Amino acid sequence: MSENTADEVVRFINKKDEEVNPERLKIVFSGGEPLLNFKVIKRIIDGLKALEMKKTIIYMITTNGTLSLCDDHYKYLKKMWVSISIDGTEKWHNLARKYKNSSEGSYEKAMFTLNEMLAKQMPVRVRMTITPDNVVNFAENYIELYKITNQLVAFEPNLSDNRWSKDTLDMLFENLRKIIIYLQDNNLKDARGITYALKEQYFHFRTKCSGGISTFHISSIGKLYPCILATGVEEYELGDVENGIDFKRLNNFHKINEKKTQDCEGCSFYDNCESKTCKIVNKYYSGSYDSPSVVKCNIQNKMYQLLMEFKKLWEK
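Residues numbered from 1 in each chain as written. Predicted model: local features only at pLDDT ≥ 70, side-chain atom pairs only at ≥ 80, totals over all residues. Heavy atoms only, no water.

### A short note on the pairing of strand S1 (residues 24–29)
- Burial along S1 is one-sided: the residues Leu 25, Ile 27 and Phe 29 are buried and none of Arg 24, Lys 26 and Val 28 is.
- Across six bridges, S1 lies against strand S2 (residues 56–63) in parallel orientation. Bridge assignment links Ile 27 to a residue of S2, and that residue is Tyr 59. (Buried < 20%, exposed > 50% of the residue type's maximum accessible area, 1.4 Å probe, protein only. Helix = DSSP H or I, 4+ residues; strand = E, 2+ residues; numbered from the N terminus. Pairing = 2+ DSSP bridges.)

Right, here's the structure in full:
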């Protein structure tokens, strides 16, 4: 993103804030590696200082932790909720996260950055990406990172990987069960925390899609989309930061989401499932607006079984 586009982003955010007037704003810097364009991050945060005097702005960023950071970086990163992508022990992290055009893994540098941020008492967490390649060691990797940070570790299965199968999904939940049992035995508060967070993530009541109304994804060239999955798809483009929302496109987009997901009618989890409110998710994973991802359905069902096993933890 250019600095001129960043200025347009600031103007767009201020204008939408006047229209929507939320209690607080959440702004997420994403990539690629967002810190490669640090000057734009600074420009946006500095440009929103006046708005920050009026209301809370939560800044969030996910980084791979491989860049060398200076005092100026930390001055701004201390204003954010920072996530560092680390997938486990050195062996398992380096399996997937190697430097470009190199066989060298990034674990050592990422851990250095994590420890530096922890020493500075910054609001930083570790985020793991779970794949069919590393799911076999998910629990061991999670527990190792939990011991290092002394806090819950964020994790997300990479569902864009089409190699997920019944066996690897079973492995995912076997390992998640081990993690919960470990936390239950060692830190009851965190055991309650992880199960409650999973319940809220997977089983909260889903309302209408807010994309293009109160939530926006802004591309590097200032195009507006309803969410990150839609980015770069012309069909879902809703306007740009300079000219604002194209309401005809916005209305057409929401007509797609208003339709019921036919393949999901009668499902007990329909009101809690992403397939109800986000037809882009359906199209992205299954190729059809009317069909949910089979993998996502399996995860939803397995998550319910797991959470019912540990109901005494999250219901307190």
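### Concerning the pattern of salt bridges
- Scanning the model with the defined rule gives 18 salt bridges in all.
- The shortest N-O distance in the salt bridge between Asp 133 and Arg 163 comes to 2.8 Å. Residue Asp 133 is located in the loop between strand S4 (124–130) and helix H7 (138–149), and its partner Arg 163 is located in the loop between strand S5 (154–157) and helix H8 (166–186); the two are separated by 30 residues in the primary sequence.
- Taking the relative accessible area as the measure of exposure, Asp 133 reaches 41% and is therefore partly exposed.
- Here Lys 199 makes a salt bridge to Glu 200, at a shortest N to O gap of 2.9 Å.
- By relative accessible area, Glu 200 is classed as partly exposed at 33%. (Salt bridge = Lys/Arg side-chain N within 4 Å of Asp/Glu carboxyl O.)

### Some details on the environment of Leu 114
- With respect to the helices and strands, Leu 114 occurs in helix H6 (residues 107–119).
- Once residues lying within four places of it in the same chain are set aside, the contact partners of Leu 114 are Ile 84, Ile 86, Val 124, Val 126, Ile 148 and Thr 149. (Contact = heavy atoms within 4.5 Å.)

### Quick look at the packing of aromatic side chains
- Per the stated rule, a full pass over the model turns up twelve aromatic pairs.
- A centroid spacing of 5.5 Å and a plane angle of 65 degrees characterise the contact between Phe 203 and Phe 269, whose relative ring orientation is edge-to-face. With a gap of 66 residues between them, Phe 203 in helix H9 (residues 188–203) and Phe 269 in the loop between helix H10 (247–258) and helix H11 (274–277) connect regions that are remote in the sequence.
- Phe 203 gets classed as buried once you look at its relative accessible area, which sits at 18%.
- Here Tyr 236 and Phe 253 contribute two aromatic rings whose centre-to-centre distance is 6.3 Å and whose plane-to-plane angle is 75 degrees, an arrangement assigned as edge-to-face. Here Tyr 236 is found in the loop between strand S7 (223–225) and strand S8 (239–240), whereas its partner Phe 253 is found in helix H10, with 17 residues between them in sequence. Comparing Tyr 236 with Phe 253 shows no difference in burial state: the two are buried.
- The rings of Phe 138, Tyr 142 and Phe 155 are connected pair by pair, giving a single aromatic cluster.
- For the cation-ring pair, Lys 120 lies above Tyr 74, with the distance from its terminal atom to the ring centre recorded as 4.7 Å.
- Just above the ring of Tyr 289 sits the side chain of Lys 283; from NZ or CZ to the centre is 4.6 Å. (Phe/Tyr/Trp six-rings, centres within 6.5 Å; stacked < 30°, edge-to-face > 60°. Lys NZ or Arg CZ within 6 Å of the ring centre and 35° of its normal.)

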